[in-house]
Amino acid sequence: MAKKFKTSRVSVREVDRGVEEVGLLVIRRGADGGAFIAEPDHNSVQRSLLLLLQLGRTSHQELTEARLLIEPPIARLAARRAGPEEIARLKTLLERQEAALARKGHFRGHSLRFHRAVAECARNLPLLTLMNSLADLTLEIVTVIDTPRPVKQGI
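Structure report, in brief. Everything numeric here is computed off the predicted structure, so don't read it as measured data.

Let's talk about the pairing of strand β2 (residues 34-37)
Along any regular strand, the residues point their side chains to alternate faces of the sheet.
So, step 1. Where strand β1 (residues 25-28) and β2 come together, 4 bridges link them in antiparallel fashion. Across the sheet, the residue bridging to Val26 is Phe36, located in β2.
So, step 2. Connecting β1 to the next strand, β2, in antiparallel fashion are 5 residues, including Gly30 with a positive phi near 100 degrees.

Dropping the structure here:
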């Protein structure tokens with residue numbers, strides 16, 4: 001590739017590493033090593049979508065609008081497709097969230113796990129990928145604006 005594109009081998013290695021980072025290549029070392037095309041998986045798409053949303057400086061308002069538009073249809077699909085084990089898992093996640101709320105603990109992690117689990121129940125890979133990307137970005141934004149210290153009363 002270095003000869004074909006008239007560049008250095010170091011440049012080709014850096015490009016390979018970047019493509020490996022997004023999940024499109026697998027680099028193996030050793031006698032049988034080299035750069036190989038990775039098995040396609042949705043995690044690389046999810047990371048790319050998350051990066052795109054981060055670079056676009058997605059606001060909390062835009063993120064909320066997107067979630068309000070896509071989560072109800074995901075929930076409808078999940079209600080139709082979820083099996084007994086999945087429903088039990090959703091119930092457990094809700095109970096954990098309620099317990100965290102009751103002890104005034106951090107409940108957002110439980111809430112996001114619940115939303116991700118609902119998306120899994122929908123059994124629709126594009127919607128799951130989108131939901132997980134939005135959940136990751138939500139977690140990132142909420143972590144920045146979250147106030148872990150108690151707010152003083154009467155101010």
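Notes on helix α5 (residues 108-122)
So, step 1. With 15 residues, α5 should cover 21 Å at 1.5 Å per step; its first-to-last C-alpha distance of 21 Å lies within 8% of that length.
So, step 2. All of the buried residues along α5 are His110, Ser111, Leu112, Phe114, Arg116, Ala117, Val118, Ala119, Cys121 and Ala122.

A short note on the packing of aromatic side chains
So, step 1. In this structure the tally under the stated criterion is 0 aromatic pairs.
So, step 2. Sitting over the face of the ring of Phe36, Arg28 holds its NZ or CZ atom 4.5 Å from the ring centroid.

A closer look at the layout of surface pockets
Vacant regions in the atomic arrangement are exposed by a probe of water-molecule size rolled over the atoms.
So, step 1. If you add up the space inside the second largest pocket, you get close to 290 Å³.
So, step 2. Arg9, Val12, Arg13, Asp16 and Ala35 are the residues nearest the centre of the second largest pocket, which is lined by 13 residues in total.
So, step 3. Taken together, the elements giving at least two residues each to the lining of the second largest pocket come down to α1 (9-21), β1 and β2.
So, step 4. When residues in the lining of the second largest pocket are grouped by element, the largest group, 5 residues, is from α1.
So, step 5. Considering only residue class, the lining of the second largest pocket consists of 5 nonpolar, 1 polar and 7 charged.

What counts and what doesn't
For every chain, the first residue of the written sequence is number 1, and numbering continues from 1 onward in sequence order. Reporting in this predicted model follows two pLDDT cut-offs: at least 70 for local features of residues, and 80 or more for side-chain atom pairs to be given and counted; totals over whole chains, interfaces and linings ignore these cut-offs and use all residues. Side-chain measures here rest on the full set of heavy atoms in the structure, leaving out hydrogens and waters. Strands are treated as partners if at least two bridges between them are detected by DSSP. Under the DSSP-based scheme used, a helix requires at least four consecutive residues in state H or I and a strand at least two consecutive residues in state E, with every element numbered from the N terminus. Residue count minus one, scaled by 1.5 Å, sets the expected span of a helix. For each residue, the accessible area found with a 1.4 Å probe, counting protein chains only, is set against the maximum for its type, and the residue is called buried under 20%, exposed over 50%, and partly exposed in between. When the centres of two rings from Phe, Tyr and Trp lie within 6.5 Å, Trp using its six-membered ring, the rings pair. Their planes under 30 degrees apart give stacked, over 60 give edge-to-face, and anything left gives tilted. Criterion for a charge above a ring: Arg CZ or Lys NZ at most 6 Å from the ring centre, at most 35 degrees from the ring normal. The distinction between a cavity and a pocket rests on a 1 Å grid over the protein atoms alone: a 1.4 Å probe fits inside a cavity but cannot get out, while a pocket stays open yet meets protein on both sides within 12 Å along at least five of seven lines, and a residue with an atom within 4 Å of a point counts as lining. Grid points are joined across faces, edges and corners, and a volume is the space filled by probe spheres set on the points. Charged residues are taken to be Asp, Glu, Lys and Arg, nonpolar residues to be Ala, Val, Leu, Ile, Met, Phe, Trp, Tyr, Cys and Pro, and polar residues to be all remaining types, Gly included.

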